[in-house]
Amino acid sequence: MTKIIEKFPYHIGKEIGTGAFASVRICYDDNAKIYAVKFINKKFATKCMGSNVWARRMASEVQLHRLCNGHKNIIHFYDTAENSHWRWVTLEFAQGGDLFDKIEPEVGIDEDVAQFYFAQLMEGISFMHSKGVAHRDLKPENILLDYNGNLKLSDFGFASLYAYKGKTRLLNSPVGSPPYAAPEITGQYDGAKVDIWSCGIILFALLSGNTPWDEAISNTGDYLIYRKQGERPSSYPWNRLSPGAYSIITGMLRSDPSKRFSIRRILQHPWLTSNTSFRTDNGNCSDPVALASRLMLKLHIDLDKPRSSLTDTSTYGNISMTQPTTKVSESDIHNHTAIYGYLSQPVQVNEEVDVTELMEKDPSLSQFSNTNGFIERLAGKAKNFYEICPPERLTRFYSKASKQYIIDRLYDTLRLLAVSLTTKHTSGQSTLYVKLHDKRKCLLQGEIELKTLGHNLELVNFIKSSGDPLEWRNFFKNVVSSLGKPIVLTDITS
Ligand SMILES: Nc1ncnc2c1ncn2[C@@H]1O[C@H](COP(=O)(O)OP(=O)(O)OP(=O)(O)O)[C@@H](O)[C@H]1O
């Protein structure tokens, strides 16, 4: 691929994510070293935020991320530069994708796997706090994995310096995503304590596949019930947690920040110190293949069981605090090139793909199987995490139905789910751009890409561009369950 941006030092590959003002793409240098580069369209960011606010936010993100360089559970910051149109930030590429893409909604992951990831999360946060930096936007979108399945914290867009040279200060901007944000976020608050709250919600989501409430900033819904139960709930799903997990989570989710567990107390909690089955002495994963297999074996879509539809997706209000409402107009989202121009052009696919070999090695097929055989077979041959748990999103399926038939059925289903939708057809590929709100009323958007692989085989890929990966998987499950077995291939022989 050619260098097409003035002064840009890397070759540009495919888009791997988008944020409020950014398109994140894989890029590589002349030595084939890979990076994730976050491109910000300066004109667009300035228009939405005002030049002063944007310049200050950018400077702070870069400065604080650089300050937190040097920890194995934090994405490494390399460099930043700009030309007349673009500002770019060069980062370590988290090759394993989103951790929460590998987590089953409403189910979660096994407790020892959660202990492993939670310990890595707390080590990353503890390092940030030792530098005086609060992240303030901890949520599944910002928890990535490297090549070996180790956790990497990303996105310093809302980070803030709360301690410097022994002095601390209270913060006061209401940032974060409602399900993960601490109750005190609307007033003055201690930056370290709001991060601890968010990590408590993340641990709850790791173990149960859901967040405990829509938001804790008002005394309503499930949070109100939690408060009424003296923050010692005994109902489902709290009663599914082991005593140790219950103790650490409720200690982190104390509404009074002065009573909330400190990082020190969390790191010394017996629930965290007692089980180290996946950890080496330096905190990395001791058995990446076993870890990946355990994650994959929890993913399951039962095509014989009808699923309840997404909740009211037609309401377009109440967007996550992280997502400015002035963000991108509806037409901009569906016409991505309006904002990102040639950065968004689809990458070319290799037409000479060997379909049988591809399917035999594709772990995403295992989520439709009722047995563990597929993953056990892969694990028997695998040497690395990514051979079992691939970097590509697992929200995809194969089909032998005709492309037009799949598109028609997708249209029917998406209409029922009140998903906003536009379509683009190019040779050999059709793309449906979707935008909806998840059950927490946070924005979810991405594309459903249909690619003909030959041999009457279509690959249907649900690629999230922004939003909660757990909710994206929920959306995928709803659509796939509604399409059902005649369309979705459940194993390589069907
Ligand atoms: N270093 C990375 N390696 C791999 N993927 C990445 C990396 N950085 C970001 N991404 C992907 O791009 C997405 C958007 O990146 P990021 O959250 O940094 O953008 P943002 O503009 O700050 O987003 P937001 O609007 O949520 O604040 C992430 O959710 C992730 O899927």
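Residues numbered from 1 in each chain as written. Predicted model: local features only at pLDDT ≥ 70, side-chain atom pairs only at ≥ 80, totals over all residues. Heavy atoms only, no water.

Caption draft 1: Geometry of the domain arrangement of the protein. Segmentation of the protein into domains returns domain 1 (2-92), domain 2 (97-286) and domain 3 (308-320 + 351-483). The C-alpha-based centres of domain 1 and domain 2 are spaced at 27 Å. At the interface, 16 residues of domain 1 touch 22 residues of domain 2. The largest per-residue losses of area from domain 1 upon contact with domain 2 belong to Leu64, Lys72 and Asn73, which jointly make up 36% of the total buried on that side. (Domains from an automatic or database assignment. Contact = heavy atoms within 4.5 Å. Buried area = accessible area lost by both parts, 1.4 Å probe.)

Caption draft 2: Up close: the sheet that holds strand S6 (residues 97-98). Spatially, 3 strands are ordered S6-S8-S9 in an open sheet, and the strand pairing comes out antiparallel. Looking at which strands have only one partner, the edges of the open sheet turn out to be S6 and strand S9 (151-153). Two strands pair when backbone bridges link them, and strand S8 (residues 143-145) and S9 are joined in this way by 3 bridges, in the antiparallel orientation. Each bridged residue has a counterpart across the sheet, and for Ile143 the counterpart in S9 is Leu153. (Pairing = 2+ DSSP bridges. Helix = DSSP H or I, 4+ residues; strand = E, 2+ residues; numbered from the N terminus.)

Caption draft 3: Structural context of the packing of helix H15 (residues 403-416) against helix H16 (residues 469-483). Axis separation between H15 and H16 bottoms out at 10 Å; the angle between their running directions is 125°. One element, H15, and the other, H16, form an angle in the oblique class. At the point where H15 passes H16, the crossing takes the right-handed sense. Residue-level contacts link Arg409, Leu410, Thr413 and Leu414 of H15 to Phe475, Val479, Ser482 and Leu483 of H16. By residue class, the composition of the contact of H15 with H16 is 5 nonpolar, 2 polar and 1 charged. (Axes fitted to C-alpha atoms, helices over the stretch in contact; angles between N-to-C directions. Parallel < 35°, antiparallel > 145°, perpendicular 65-115°, else oblique. Left-handed = near helix turned anticlockwise from the far one by under 90°. Nonpolar A, V, L, I, M, F, W, Y, C, P; charged D, E, K, R; others polar.)

Caption draft 4: Representation of the pattern of salt bridges. A complete count under the given rule lists 23 salt bridges for this structure. A salt bridge links Glu61 to Lys38; the shortest N-O distance between them is 2.9 Å. One end of the pair, Glu61, is in helix H2 (residues 51-67); the other, Lys38, is in strand S3 (residues 34-41), and 23 residues separate them in sequence. By the burial criterion, Glu61 is buried, and Lys38 matches it. The partner of Arg294 in a salt bridge is Asp112, and the shortest N-O contact between them spans 2.5 Å. In this pair, Arg294 sits in helix H9 (residues 288-297) while Asp112 sits in helix H3 (residues 111-130), placing the two residues 182 residues apart along the sequence. For Arg294, a relative accessible area of 27% gives the class partly exposed. A residue is classified by how much of its surface remains accessible, and Asp112, at 18% relative accessible area, is buried. Through salt bridges with shared partners, a single network forms among Asp110, Asp112, Arg294 and Lys298. (Salt bridge = Lys/Arg side-chain N within 4 Å of Asp/Glu carboxyl O. Buried < 20%, exposed > 50% of the residue type's maximum accessible area, 1.4 Å probe, protein only.)

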